[in-house]
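The chain contents come next:
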Amino acid sequence: CPHRATYAAVREVFGDEAIYPTDIGCYTLGLLPPLRMGDFLIAMGAGIGTAGGFSRATGRKVVAFIGDSTFFHSGLSPLASAVYNNHDFLVVVLDNGTTGMTGHQPHPGVDLAHLNMDRTPVSIESAVKGLGVTQVISVNPFKFRKTVEAVRELSRFQGVSVLIAKAGCPLHEKTLPGFRKTHAFQVHAAKCRSHKDCVSKIACPAFYVSDARVKIDTDRCTGCTLCVQVCPENAILPVSRKEVQP
């Protein structure tokens, strides 16, 4: 899931120092350890709506999370209010190209050309800039270091800033024409020093521990390479075609 990658990048920069209001969606699951990216959740759209209040009341940095579908449903109004009132916080739009929580329904940002449906997708970046946000960066969260750099850059800005983390929901992508499964990955036992950064930082559900060693369930691995990028020993390598069981 690309949201896991985004959360890991934000935590890399802010750690436990920021306040993290979140919103209604599949990304709400980010409130669980080890990510712990959800300090406040009350209603759809309230992630952005409360962020300004948290910022002014506490003086701490605030990072609000909202999904792409929820953004169009109830994120535009509070974002406009935040710009108007000169609030100071970062909004992270988790754009996985669908409504992941309730069955992959389309929203105004989704291109339905593959279904031969004539729709005009609305650009989240253009919408954000149209509301007056001047600091907007779009990233692919699976490019982990670039995402960390983008978060760090926006963390220095005073005012409302927006990070758009755009990568498709892997469950939804399986249903799209032209989908091709990528190589799964495995832990190279001889290289692994059991730092367990892959577990403590991202805890992908494809990981499991056996005999005190981290291993990867190749049936669950989507080949996103996030764990490869955080492993200090470069001990996570792709499974070769010869190793794949028939």
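Given the structure is predicted, the values throughout are model-derived calculations rather than measurements.

Each value, and the rule that gives it
Residues numbered from 1 in each chain as written. Predicted model: local features only at pLDDT ≥ 70, side-chain atom pairs only at ≥ 80, totals over all residues. Heavy atoms only, no water. Helix = DSSP H or I, 4+ residues; strand = E, 2+ residues; numbered from the N terminus. Rg over C-alpha atoms; globule rule 2.2 N^0.38 Å. Buried < 20%, exposed > 50% of the residue type's maximum accessible area, 1.4 Å probe, protein only. Contact = heavy atoms within 4.5 Å. Areas by Shrake-Rupley, 256 points an atom, 1.4 Å probe, with all protein chains shown as cover. Phe/Tyr/Trp six-rings, centres within 6.5 Å; stacked < 30°, edge-to-face > 60°. Core = buried A, V, L, I, M, F, W, Y, C linked by side-chain atoms within 4.5 Å. Expected span 1.5 Å × (residues − 1). Bend = angle between axes of the 7 residues up to and from the residue.

What to know about the overall build of the chain
When you go through the chain residue by residue, the secondary structure sums to 8 helices and 8 strands. Its C-alpha atoms give the chain a radius of gyration of 19 Å, near enough to 18 Å, the size a compact globule of 246 residues would have. Once the C-alpha set of the chain is aligned to its principal axes, its extents read approximately 55 × 45 × 30 Å. Buried positions account for 43% of the 246 residues belonging to the chain. When contacts within the chain are restricted to residue pairs at least 6 apart in sequence, long-range pairs at least 24 apart make up 72% of them. Working note: accessible area of the chain is about 12800 Å², and carbon and sulfur atoms make up 53% of it.

Quick word on the packing of aromatic side chains
Applying the stated criterion across every chain yields a total of 4 aromatic pairs. Aromatic side chains Tyr7 and Phe65 sit 4.8 Å apart centroid to centroid with 85° between the ring planes, which places their arrangement in the edge-to-face category. Taken together, the residues span a long stretch of sequence, with Tyr7 in helix α1 (residues 2-14) and Phe65 in strand β1 (residues 63-67) at a distance of 58 residues. The class of Phe65 is buried, set by a relative accessible area of 0%. Measuring from centroid to centroid gives 5.5 Å for Phe71 and Phe72, while their planes differ by 75°, and the two rings are edge-to-face. A single burial state applies to Phe71 and to Phe72, both of which are buried. Chaining the aromatic ring pairs together yields one cluster made of Tyr7, Tyr20 and Phe65.

Details of the nonpolar core
In terms of nonpolar packing, the biggest core is built from 41 residues, with Val10, Val63, Phe65, Phe71 and Leu163 touching the most fellow members. If one sorts the elements of this core by residue count, strand β2 (residues 89-95) sits on top with 6 residues. The contact partners of Phe71, leaving out residues within four places of it in the chain, are Ile66, Leu76, Leu79, Val93, Ile124, Ala127 and Val128. Within the second largest apolar cluster, 24 residues are counted, among which are Cys198, Ala206, Phe207 and Cys231.

A word on helix α2 (residues 46-58)
Relative to the 18 Å expected for 13 residues at 1.5 Å per residue, α2 spans 18 Å between its end C-alpha atoms, a close match to the ideal helical length. Residues of α2 that are buried include every one of Ala46, Gly47, Ile48, Ala51, Gly52 and Ser55, and no others. Looking one or two residues past α2, Gly59 carries a phi angle of roughly 75°, positive in sign.

With respect to unusual backbone geometry
Here the residue pair Pro33 and Pro34 is connected by a cis peptide bond, since its omega of 0° sits within 30 degrees of zero. Mapped onto the elements, Pro34 comes out in the loop between α1 and α2. In this structure, Ser194 takes a positive phi of about 55° despite not being glycine. For Ser194, the location among the structural elements is in the loop between β5 (185-187) and α7 (197-202). Here Ala212, not a glycine, exhibits a phi torsion of approximately 65°, which is positive. Along the chain, Ala212 turns up in the loop between β6 (207-210) and β7 (213-216). A relative accessible area of 53% means that Ala212 is categorised as exposed.

Some points on helix α3 (residues 68-84)
Every α-helix carries 3.6 residues per turn, so stepping three or four residues along brings you back to the same face. Largest kink in α3: about 65°, centred on Gly75, with the proline Pro78 one to four residues after it. Inspection of α3 places Asp68, Ser69, Thr70, Phe71, Phe72, Ser74, Gly75, Pro78, Leu79 and Ala82 among the buried residues, and these make up the whole buried set. Contact partners of the buried residues in α3: α2, β1, β2, α4 (124-130) and β4 (160-166). Residue Asn86 follows α3 closely and has a positive phi angle near 55°.

Don't take any of this as a statement about function, it's just geometry.
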